[in-house]
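# Tertiary structure, described
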Amino acid sequence: MFSKSAIRFSVVAVVGLLAAACEKAPPPPPPPPPPAAAPAAPPHWTDPAAPESFRVKFETTKGSFVVEVTRSLSPIGADHFKTLVDSGYFNDARFFRVVPGFIVQFGMNADPAVNARWRDRMLLDEPVKTPNARGTVVYAKPSQPANARSTQLFINLGDNSQSLDPQGFSPFGKVVEGMKVVDAIYKEYEQRPEQALIGEQGNAYLKKEFPKLDYIKSAKIVQ
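Now for a description of the structure that goes with this document. Computed from a predicted structure; not experimentally measured.

## Looking at the overall build of the protein
Helix and strand counts for the protein come out as 7 helices and 8 strands. Residues counted as buried form 39% of the 223 residues belonging to the protein. Residue pairs in contact within the protein that sit at least 24 positions apart in sequence constitute 73% of those at least 6 positions apart. Working note: accessible area of the protein is about 12600 Å², and carbon and sulfur atoms make up 59% of it.

This is the structure:
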């Protein structure tokens, strides 16, 4: 039989070993972090609702043409277009990009400070509800990122539905008077004007480097 002192020694030894083991055991791993929240969607611009149908007359250095807007085709685009017209944004704006047989593009203001105020007012993309046929009016946009329509527009000079419809270019209006005027807009510079410099310098750059560009004298709602 074991003596009492031997038993006490054994108990003390066991307790000591357990204490040592506890001291050497690694701490438990920290709990996993909570799942990251989804990034917030960027804000997008909205405008007061436009009429279901309205017309805008453009007076240009080549003559006049009229665009008829159908809001149901692109409500966001139509609303923003009316806001731009009402603000006088297009007045004195050059047709800075003309690709013969394809498009004529405009929508950068004469004043770089005005361009800066408007360029970040991005619009959500909308589905294509009508083809990019000759005479249709459409917002220009980059292939990436999405939802980046702003102020730049183009008029289709031919039937571009096969190439532009699949890319998501959604017409919101059409030239109903004066398409011959649109066809006659000065095209010899084609795509040479640099949009970055237009944004920085406005018409000062275009008048100096591309003095023959046609431009918009005024754009007003007529119906």
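The discussion continues.
## A look at the sheet that holds strand E4 (residues 103–106)
Within the open sheet, the 8 strands sit side by side as E3-E4-E6-E5-E7-E2-E1-E8. Their pairing is antiparallel. Of all strands in the sheet, those with a lone pairing partner are strand E3 (97–99) and strand E8 (216–221), marking the two edges. The average undirected angle you get between the axes of adjacent strands in this sheet is 25°. The sheet contact formed by strand E5 (residues 136–139) and strand E6 (residues 153–156) spans 3 bridges and is antiparallel. Note that in E6 the partner of Val138 across the bridge is Phe154. Strands in contact with helix H2 (residues 75–87) are strand E1 (53–60), strand E2 (63–70), E5, E6 and E8; relative to E1, the strand with the most contacts, it is inclined by about 45°.

## Looking at the environment of Ala110
Structurally, the position occupied by Ala110 is in the loop between E4 and helix H3 (112–118). Residues Ala110 and Gly202, 92 residues apart in the sequence, show an inter-C-alpha distance of 4.8 Å. When neighbours within four sequence positions are excluded, Ala110 is seen to be in contact with Asp92, Gly202 and Asn203.

## Points about the nonpolar core
With 33 residues, the main nonpolar core has Phe58, Phe65, Phe81, Phe90, Ile155 and Val182 as its most contacted residues. Looking at this core element by element, the count peaks at 4 residues for H2. Those residues within four positions of Phe81 in sequence are excluded, and the remaining contacts are Phe54, Val56, Phe58, Val69, Phe90, Tyr139, Leu153 and Phe172. Grouped together as the second largest cluster of nonpolar side chains are 8 residues, Tyr189, Ile198, Phe210 and Leu213 included.

## Describing the pairing of strand E7 (residues 173–177)
Here is the key point about a regular strand: its side chains alternate between the two faces of the sheet. Where E2 lies against E7, 4 bridges are found, and the strand directions are antiparallel. Looking at E7, one finds that Glu68 is bridged to Lys174. One ladder, built from 2 bridges, connects E5 with E7; its direction is antiparallel. By the bridge assignment, Val137 is partnered in E7 with Gly173.

Thresholds applied
- Residues numbered from 1 in each chain as written.
- Predicted model: local features only at pLDDT ≥ 70, side-chain atom pairs only at ≥ 80, totals over all residues.
- Heavy atoms only, no water.
- Helix = DSSP H or I, 4+ residues; strand = E, 2+ residues; numbered from the N terminus.
- Buried < 20%, exposed > 50% of the residue type's maximum accessible area, 1.4 Å probe, protein only.
- Contact = heavy atoms within 4.5 Å.
- Areas by Shrake-Rupley, 256 points an atom, 1.4 Å probe, with all protein chains shown as cover.
- Pairing = 2+ DSSP bridges.
- Axes fitted to C-alpha atoms, helices over the stretch in contact; angles between N-to-C directions.
- Core = buried A, V, L, I, M, F, W, Y, C linked by side-chain atoms within 4.5 Å.

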